[in-house]
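# Structural description and commentary
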Amino acid sequence: MGTQFAQLKQKLEEEKAILVQELQKVGRINPDNLADWEPVAADLNLDTAEEEERAGEITNFEDRSAVEFELEKRWNEVNAALTAIDAGTYGSCVVCNMDIEESRLLANPAATTCIAHME
Ligand SMILES: [Zn+2]
């Protein structure tokens, strides 16, 4: 791993920790597949004080599933980037195999394409 990626790796680790915190609010790790998250229903058996405390929480299962899906998608991207750093394949565009611009990686350390090949 190039030393120039140390800062990006730290950013990815920090983002992953935040994603895990957010995922734990709407889901849980699939016990049958630790690389997978699944949405869980909100605990609705709360007393009034707890309900007020959790006023900002998403309780609708469809909404929780949608949030879980987006968080898990990003969690997978971040994990893939961390794996690529360890494997020494990080920072190359998956389309043209050229180095991904530093500005692009700073904006999105999980980017897998150069600016020309971003969606
Ligand atoms: Zn490219």
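For the structure, check the block above.
A brief structural summary. A quick note: this is a predicted structure, and the numbers were derived from the prediction, not measured. (Residues numbered from 1 in each chain as written. Predicted model: local features only at pLDDT ≥ 70, side-chain atom pairs only at ≥ 80, totals over all residues. Heavy atoms only, no water.)

## Considerations on the pattern of salt bridges
Under the definition given, this model contains five salt bridges. For the salt bridge of Glu 15 with Arg 74, the shortest nitrogen-to-oxygen distance reads 2.6 Å. Of this pair, Glu 15 sits in helix H1 (residues 6-26) while Arg 74 sits in helix H3 (residues 61-87), and the two are 59 residues apart along the sequence. Residue classification places Glu 15 among the partly exposed positions, given a relative accessible area of 22%. One salt bridge in this structure joins Lys 25 and Glu 22, with 3.1 Å as the shortest N-O distance. In this pair, Lys 25 and Glu 22 both sit in helix H1, three residues apart, roughly one turn of the helix. Note on Glu 22: relative accessible area 30%, which makes it partly exposed. Connected through salt bridges with shared partners, the residues Glu 15, Arg 74 and Glu 77 form a single ionic network. (Salt bridge = Lys/Arg side-chain N within 4 Å of Asp/Glu carboxyl O. Helix = DSSP H or I, 4+ residues; strand = E, 2+ residues; numbered from the N terminus. Buried < 20%, exposed > 50% of the residue type's maximum accessible area, 1.4 Å probe, protein only.)

## Description of the side chain of Glu 72
Assignment of secondary structure puts Glu 72 in helix H3. One buried charge, Glu 72, has no salt-bridge partner; the nearest side chain with opposite charge is Arg 28, at 11 Å. (Lys, Arg positive; Asp, Glu negative; His and termini not counted.)

## Overview of the coordination of the zinc ion
Around the zinc ion, the protein supplies Cys 93 (SG), Cys 96 (SG), Cys 114 (SG) and His 117 (ND1) as donor atoms, at distances of 2.0 to 2.3 Å. Considering all four donor atoms around the zinc ion, the spread of angles at the metal, 98 to 116°, places the coordination shape in the tetrahedral class. One chain supplies every donor to the zinc ion, and in sequence these donors are spaced C-x2-C-x17-C-x2-H. You can see Cys 96 sitting in the loop between H3 and helix H4 (102-107) and its partner His 117 sitting in the segment after H4, a full 21 residues away along the chain. Residue class for His 117 comes out partly exposed when judged on its relative accessible area of 33%. (Donors = N, O, S within 2.8 Å, 3.2 Å for Na, K, Ca; no water. Tetrahedral: all angles 85-135°; square planar, octahedral: opposite > 155°, others 65-115°.)

## So, unusual backbone geometry
In this structure, Asn 97 is a non-glycine residue whose phi angle is positive, near 70°. Its place among the elements puts Asn 97 in the loop between H3 and H4. Its relative accessible area of 60% is what places Asn 97 among the exposed residues.

That is the geometry; function is a separate question.
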